[in-house]
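Coordinates in review
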Amino acid sequence: MIWRELILPVIVVLAALGIGAYVVAVLDRLIAGTLGMPQTGSAWQAPLARGAWLLTQTANATEAPDWRAWRLAPALYLALAATGLAVVPWSETLVATDLATSVVLWGSVEALATVVIFLHGWSANALFALIGAYRYVALGLSYILVSMFVLIGVALPAESLQFTQVVVSQAELWNVIRQPLGLPLLLIVGLGMTFWGPLNLADSADLAGGTASEVSGPPRLVWDLARAAMLVAFSGVAASAFLGGWLGPWLPGPLWLVLKMLAVLAMLLLLGRLLPRLPPERCVILMWVVLLPLAFVDLVWAGAAAL
Amino acid sequence: MHGEAVLRQLALAPGIERVDSPRHASVLLVAGGIPPYLHEELRRVHDQLPQPCATLWFRSEPLLGLESATRIDELDDLPRALIVLHRELMSGRRGSSPRLLPDQPPNPWEGLGDFGQGGEGMMGGTPYGRPMAMNMHDDIRDGLTLDSLTFRLGPFFPALPPGMKAEITLQGDLIQTWSTQLVPYPVSLDAVFLDALQRPVPIAELELARAREHLHRLFHGLRLAGLERLGRQALQLANTLTLDSRVDGLRRRLVRCGFFRLSLSGRGRLTEEQARKIGGFAARATGLDDDLRSEDAHYRRLGFTPVTQAAGDTRARWQQTLAEIEQSLVLAKQAVGQDLHTSETGSVETPHGPWTDRRPEDASRLLGDLLPGLEWGEALATIASLDLAAVSEWPLEAWAAAPRVASHEARRA
């Protein structure tokens, strides 16, 4: 009982968190290398060397930061990523937390991420970190809205807000075909929510690193780890909601999910390397004028199909 | 003065990661001499590096207190030296660079009350000599008035031209005011532009150098836009530029990824007066056809007419940049066929504008009129799309100049 209810879920989430974040770092380097960026050493060792370096480095101070919030924010973001991973079903029975409302819980992770990212930027008491924080708050709501409409769309055919039921409902036809608008919308929002690549406005180069511009040493390692882990959690949600989760022939269910998550991650990381960063104003217009109406269309489509 | 050349060399070196904040760095590289009036600012940047950290001085004199730091004079040795320093720091074989400034607030405490707010309630005051974010200005965008925040940035902020410092007031991330306090360092041009003032020079060599300068600026703009891969391609193209080089591929990739559509139409638009003051390609992107090459008989023989754009905004300037690179390559190829040299001396159209009796001057003070109303990212993209620094009276030294293979080939042809 304790094994199934407590120990196994914790192991599953921690393994997905640690290995997943490492795989994101490796995959990003492999993609960069494929695209012709100069690389030295092995892509498998480089993330470990970087981690070791950040552990060697001291955590710096700024002038009068909110120490508790500043140190806590990366850990909270990591905890949110872990919460997201906890609701991803690896098979019909292997789910860390098989809540009846797991889709809603993922929605709350997205909402709380806004609070934590703001906290990270605000508590440093530094200019660029603060601007990065405000940028995310200005955009976070639009990400959450689009994401929620899209996820309600996949809950309709399942007649449930439980990710396991959402996966089961795709036994005959995956949602990526049933609701063709859904996955592209969710992927774009995923880049925004994890502030990655073209939608990395909170930690961007024009803000010298944004909310992370003043962070060094172990807190930076935790922040980087948490960002990568959130990307993994997001890919798990996207694979479960649209790509049939663990469903697939020949291979064991968890392996199918891993392959689908890798495909989503590779797509997100590739987009991150190929597209320029959108200016915040463009991003707001894209979200509210283009993606949100498309999310409505997707929802109406899903509703009509469910009838 | 040659720091940009060093930066470009490192951008193509594997194993070197250029970071945007000193908090993310392990080694501080100082490339070229730093004027004494900026030593205090450099000390501040140095002390922002988290320990353990090291400094590397390339053709530069270490600051007082850092006499034992590593110095280096050979550009080719630079990437290796940086990697070695990082490894030594990581393995503990090298101690950290000492702190140069006392760890205390840069200004004395001037606040009143428990939180230093200095005024009644929670408002007012200048704790530590800096004004608090206050609702002082009317919003210039949509009427949603936010607290204004005034700060100084530079002279070593990577997204600004080297040496430039500005006092900026932001409301949200919208620029309310911009006041340039220190102008950027003058930039050195390829020696062929200075030679052209004295004697006829091969048009092919001049045009290849011009295309290279434009590609260097494009590299910086692409990196700022988050397109590091395309930026590197622009840089590689600049380093291997020959008469047969083509920019079609680069242009296609820039269009495909949406680079030209990043900035909204009309953002960073120059007035005619501002365009004339800045001169060069920025003026031509505003619709002015001022170009000293039009007055050169041999350029006219090549059928040269200035390329222009009408809009005068950031997008138009990048389009102009690409168009001028293409035009330079065509001119260079034609000129080699006819073995043409410039026919005029005493004046030359540089990539930074016309050089007649006076060098192209600094235009960074114009930013005070140009940037208010723009978002922060748009403002930086606007600055990257302009050549604001004055031109130095000294040419680029041989070690910093781009490979001249192409030019030699041009002469041989």
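Residues numbered from 1 in each chain as written. Chains lettered and ligands numbered in written order. Predicted model: local features only at pLDDT ≥ 70, side-chain atom pairs only at ≥ 80, totals over all residues. Heavy atoms only, no water.

**Some details on the packing of helix 1 (residues 2-34) of chain A against helix 9 (residues 218-242) of chain A**
All names here are of chain A. Axis separation between helix 1 and helix 9 bottoms out at 8 Å; the angle between their running directions is 100 degrees. By the criterion of interaxial angle, the relationship of helix 1 to helix 9 is roughly perpendicular. Residues Ala-16, Leu-17, Gly-20, Ala-21 and Val-24 of helix 1 form the contact with helix 9, whose participating residues are Leu-225, Ala-228, Ala-229, Leu-231 and Val-232. In terms of residue class, the contact of helix 1 with helix 9 is made up of nine nonpolar, one polar and no charged. (Axes fitted to C-alpha atoms, helices over the stretch in contact; angles between N-to-C directions. Helix = DSSP H or I, 4+ residues; strand = E, 2+ residues; numbered from the N terminus. Parallel < 35°, antiparallel > 145°, perpendicular 65-115°, else oblique. Contact = heavy atoms within 4.5 Å. Nonpolar A, V, L, I, M, F, W, Y, C, P; charged D, E, K, R; others polar.)

**Topic: the UniProt feature "transmembrane region" (unreviewed entry) in chain A**
Residue and element names in this part refer to chain A. Per the UniProt record, the feature "transmembrane region" (unreviewed entry) sits at residues 6-27, 72-91, 134-156, 176-196, 228-247, 253-271 and 283-304. Annotation note: span residues 228-247, helix share 75%, strand share 0%, distance between end C-alpha atoms 25 Å. For residues 253-271, helix accounts for 100% and strand for 0%, while the C-alpha atoms at its two ends are 27 Å apart. (UniProt positions renumbered as here; feature names shortened; annotations may be inferred.)

**Some words on the pairing of strand 2 (residues 54-58) of chain B**
All names here are of chain B. Within strand 2, five of the five residues are buried, which leaves it mostly tucked inside the rest of the structure. Neither face of strand 2 is exposed, since Ala-54, Leu-56 and Phe-58 on one face and Thr-55 and Trp-57 on the opposite face are all buried. Inspection of the sheet shows strand 1 (residues 27-31) paired to strand 2 by five bridges, in the parallel sense. Bridge pairing links Val-27 to Ala-54 in strand 2. Viewed along the sheet, the connection from strand 1 through helix 2 (residues 39-48) into strand 2 turns out right-handed. Examined bridge by bridge, strand 2 and strand 3 (residues 70-72) share three bridges and lie parallel to one another. Bridge pairing links Trp-57 to Arg-71 in strand 3. (Buried < 20%, exposed > 50% of the residue type's maximum accessible area, 1.4 Å probe, protein only. Pairing = 2+ DSSP bridges. Right-handed = clockwise from strand over helix to strand, strands pointing away.)

**A word on the domain arrangement of chain B**
Residues and elements named next belong to chain B. What the domain assignment reports for chain B is domain 1 (3-91), domain 2 (130-182) and domain 3 (191-412). Opposite the nine residues of domain 1 that make contact, domain 2 presents seven residues. A combined buried area of about 630 Å² lies between domain 1 and domain 2, and 71% of that area is made up of carbon and sulfur atoms. Here domain 1 and domain 2 share one salt bridge between them. Put simply, Lys-165 and Glu-41 hold a salt bridge, and the shortest N to O gap is 2.8 Å. Taken together, the residues of the side of domain 1 that touches domain 2 break down into five nonpolar, no polar and four charged. (Domains from an automatic or database assignment. Buried area = accessible area lost by both parts, 1.4 Å probe. Salt bridge = Lys/Arg side-chain N within 4 Å of Asp/Glu carboxyl O.)

**Details of the packing of helix 1 of chain A against helix 3 (residues 67-86) of chain A**
The geometry of a pair of packed helices is captured by two quantities: the angle between their axes and the separation between those axes. Residue and element names in this part refer to chain A. Two elements in contact, helix 1 and helix 3, have axes separated by 9 Å at closest approach and are oriented at 120 degrees. In this view, helix 1 runs oblique relative to helix 3, as classed from their interaxial angle. Viewed along their axes, helix 1 and helix 3 form a crossing whose handedness is right-handed. Judged by residue contacts, Val-13, Ala-16 and Leu-17 of helix 1 engage Leu-78, Ala-81, Ala-82, Leu-85 and Ala-86 from helix 3. (Left-handed = near helix turned anticlockwise from the far one by under 90°.)

**A closer look at helix 5 (residues 203-224) of chain B**
All names here are of chain B. Between its first and last C-alpha, helix 5 extends 32 Å over 22 residues, near the 32 Å set by a 1.5 Å rise per residue. Among the 22 residues that make up helix 5, 21 are buried, leaving the element largely enclosed by the rest of the structure. Of the residues trailing helix 5, Gly-226 is marked for its positive phi of about 90 degrees. (Expected span 1.5 Å × (residues − 1).)

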